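The lines below spell out each chain.
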Amino acid sequence: MKVVEVNNLTFSYEPSFEPLIKNLTFSVEKGSFLSIIGPNGSGKTTIFRLLTGMIKPAKNSVLIWGKDVNDYSRKELVRYVSALPSAEIIHNEVLRVQDYLELARYPYLSVLQSLSKIDYSIIENAKKITQIQRLANKYLWELSQGELARVRIARVLAQDSKIIIMDEPTAHLDIDHKLWFLGALRRLKSSGKTVVTIIHDINLAYRFSDEIMILNEGRIEFLGFKEDIDLRLLEKVFNVKVRKVHNDLLFEETF
Amino acid sequence: MDMRKNWYVWLILILLFLGLFSVLYLSNFTFKFPTSEILRIRLVRFLVTFVAGYTLAVAGGSLQTILQNPLADPYILGISSGALLGVALFKILNLHLYIALSVPAFLFAALTIFSIYYLARVKGTLVKELLILGGLFLNFFFNGIVFYLLVLKREVLEEILYVLWGFTGVIVTSGELPFLLISLVLAFILACLPLIRIRELDAITLGDQEALSLGVDVHGIRNFVFFTTSASTALIVSITGAVGFVGLMIPNIIKKIIGGKHAVLIPASGLGGALLLLIADSISRNISPVELPLSIILGIFAVPFFFWIIWRQRNESSRS
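This is a predicted model, so every value here is computed, not measured.

Colleague: Got a sec to walk through unusual backbone geometry? Specific residues and values, please.
Modeller: Backbone geometry follows two general trends: most residues other than glycine have a negative phi, and most peptide bonds adopt the trans configuration. Residue and element names in this part refer to chain A. Its identity as a non-glycine residue notwithstanding, glutamine 131 has a phi of 55°, on the positive side. Along the polypeptide, glutamine 131 turns up in the loop between helix H4 (117-130) and helix H5 (145-159). Although it is not a glycine, glutamate 168 adopts a positive phi angle of roughly 50°.

Colleague: A description of the nonpolar core should follow, citing residues and the corresponding values.
Modeller: Residues and elements named next belong to chain B. With 159 residues, the main nonpolar core has Leu84 and Val246 as its most contacted residues. A per-element tally of this core places helix H2 (residues 36-66) first, with 11 residues. Residues in contact with valine 246, not counting those within four places in the same chain, are Gly53, Leu56, Ala57, Gly60, Gly273, Leu276, Leu277 and Leu298.

Colleague: Any chance you could break down the interface of chain A and chain B for me, citing the residues and the numbers?
Modeller: The interface of chain A with chain B comprises 22 residues on the first partner and 19 residues on the second. When residues of the side of chain A that touches chain B are assigned to their parent elements, the largest contribution, three residues, is made by helix H2 (residues 74-80) of chain A. Here the residues of the side of chain A that touches chain B sort into 15 nonpolar, two polar and five charged.

Colleague: An account of helix H3 (residues 79-91) of chain B is requested, with residue identities and associated values reported.
Modeller: Residues and elements named next belong to chain B. Taking 1.5 Å per residue, 13 residues should reach 18 Å; H3 reaches 18 Å between its end C-alpha atoms and fits that length. Of all 13 residues in H3, 12 are buried, a share of seventy percent or more. All of the buried residues in H3 are Ile79, Ser80, Ser81, Gly82, Ala83, Leu84, Leu85, Gly86, Val87, Ala88, Phe90 and Lys91. The inward-facing, buried residues of H3 abut helix H4 (98-119), helix H5 (128-152), helix H6 (157-165) and helix H10 (218-240).

Colleague: Which residues make up the sheet that holds strand S9 (residues 211-216) of chain A, and what values go with them?
Modeller: Residues and elements named next belong to chain A. The strand order across the open sheet formed by six strands is S6-S7-S8-S3-S9-S10, and the pairing between neighbours is mixed. Taken across any chain shown, the strands that pair with only one partner, and hence form the sheet edges, are strand S6 (81-84) and strand S10 (219-225). Between one strand axis and the next, the sheet turns by 15° as a mean value, whatever way the strands run. Where strand S3 (residues 33-37) meets strand S8 (residues 194-198), four bridges bridge the pair, whose relative direction is parallel. By the bridge assignment, leucine 34 is partnered in S8 with valine 196. Along the sheet, helix H1 (residues 44-51) contacts S3, strand S7 (163-167), S8 and S9; its crossing angle with S7, the most-contacted strand, is approximately 150°.

Colleague: Can you explain the pairing of S7 of chain A? Please cite residues and give values.
Modeller: Residues and elements named next belong to chain A. Among the five residues of S7, five are classified as buried, and the element is accordingly described as predominantly covered. Along S7, one buried face is formed by Ile163, Ile165 and Asp167 and the opposite face, lined by Ile164 and Met166, is buried too. Where S6 and S7 come together, four bridges link them in parallel fashion. The residue bridging valine 81 from the neighbouring strand is isoleucine 163, located in S7. By the bridge criterion, five bridges tie S7 to S8 in an arrangement that is parallel. The partner of isoleucine 165 across the bridge, within S8, is valine 196. Assessed by its sense of winding, the connection that carries the chain from S7 through helix H6 (residues 175-190) to S8 is right-handed.

So, how was this worked out
- Here, residues in each chain are numbered from 1, in the same order as that chain's written sequence.
- Think of it this way: whatever chain is written first is A, whatever ligand is written first is 1, and the rest follow in order.
- Per-residue local features are limited, in this predicted model, to residues with pLDDT of at least 70; the limit for side-chain atom pairs, both in listing and counting, is 80 or more; totals at the level of whole chains, interfaces and linings are taken over all residues.
- A run of H or I in DSSP counts as a helix once it spans at least four residues, and a run of E counts as a strand once it spans at least two, with each numbered from the N terminus.
- For this entry, the nonpolar core is defined as buried Ala, Val, Leu, Ile, Met, Phe, Trp, Tyr and Cys residues connected by C-beta atoms within 7 Å.
- Residues with at least 20 other C-beta atoms within 10 Å of their own are called buried, those with 12 or fewer are called exposed, and the rest are partly exposed. The C-beta atoms themselves are positioned from the backbone.
- Any two residues are considered in contact once their C-beta atoms, placed from the backbone, lie within 7 Å.
- Charged residues are taken to be Asp, Glu, Lys and Arg, nonpolar residues to be Ala, Val, Leu, Ile, Met, Phe, Trp, Tyr, Cys and Pro, and polar residues to be all remaining types, Gly included.
- Multiplying one less than the number of residues by 1.5 Å gives the expected span of a helix.
- Pairing between strands is defined by DSSP: at least two bridges between them are needed.
- To get an axis, a line is fitted to the C-alpha atoms, and for a helix only the part in contact is used. The angle between two axes follows their N-to-C directions and goes from 0 to 180 degrees.
- If the strands point away from the viewer and the path from the first strand over the helix to the second runs clockwise, then the crossover is right-handed.

By themselves, these are just geometric observations and shouldn't be taken as functional.
Encoded structure:
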């Protein structure tokens, strides 16, 4: 089943500008793990915003679970798509980890309805899986980057959406937390979720995801299983030399 | 000790102090029971001061969240002076009913906040400096026109001062009293409305994108807050003129000592705002032979507040 469908998607912030996204067409199957890679300015973050409805795409150009992303209310959409924007919540002095996780249940509540026992047990479970019980009473600004990464995965778990779309979730993490984070995404995938992530690190994308999309100047250069990537394409798009050593990619500068 | 864990202690403290001060205010610090006629006048003034303080502080607090700017407040952003322009335009038509005056006041207030907001958005992101600058310039502009209009109408200069700087000692005839009370009740209700949106406001402190990804209709909430704050500010301004600084100072202080979660921030700001304005009005009535406009007294209070803000910012930037 196609859970994300993109048809002839073109987008620019101002009509007079050259489009950042040019005529994209692709789809994501249920239960797959897709990494989107591409050099700076290739339109990755714009795609993230379009897929998660943060900016409005043209009518019928982005379908989530078979329905135009513009036709969902915000609450409804979030029950299908959990979005992780590139980390901006670090300086928050208002909320504790527990408050943040309670907000993850917001899409399931009506105005003034308080959280049920089930909501709380879902939150407790998310904390247990990510091993953050001891952080529950800390304010978000007190967390280290590694702790924040765990809290964000806990948020995704508590939100319990069918698709998870992320914008560079591992950008600021140390390598151990990076590996933990991507491992957590693998486990989410095996529990039946669909994972789409924008990622800077080509090696990590190559190692953890099933499918890879290479984006360049707003166009798809490649989309398919990672085994089928032509290394010469990577060399062209990223302007490097690439060698395959065992199952990893090795990059060398071209000059 | 984390003071924010004991928010209810603070809330009770504010309430106690507010209650005590209200009694002092009504007896005007003489500890004698006033005659019924004087009590009626004082009670009206008390209500006007209380609701004005409550409303403006709540408006400031919710605007600060929605605009993610600790300097936002109805006065700084020009909402108050926009409302004042509406009032002044209709005062030349010799219209004096508060509730009627608040309609044009609301239209101008809403126009102000929406236009400032859209002018300060550059490529989809809100530029904080533009927001405050825009408000500042509109403030000067509107105040200029208001001054001109009131001079044209040959109001005594004294009265212009009170309108531009805010004053709660309004004189009402018994015919006007019901309209005044309706205005106050409406303003108070509008100031309580953000309480049904506390979850959304909490989420917006995480930033627009994070709030959107939690399922919050950020755009809708922003319009809701713009609407309620401009309406409540307009109702207050048409009674008291433009009272400044309450909405700026109180929510920032509450955020630091009690915490920024809106279930507490909103009511605590309201009560704190009421208390501050009652104190300011007591000073206004008692320290000089002429009663002083409130923004003047509050402006003097604001000086240590600004030093405190600057001191905190310096500490913060040295921490990171």
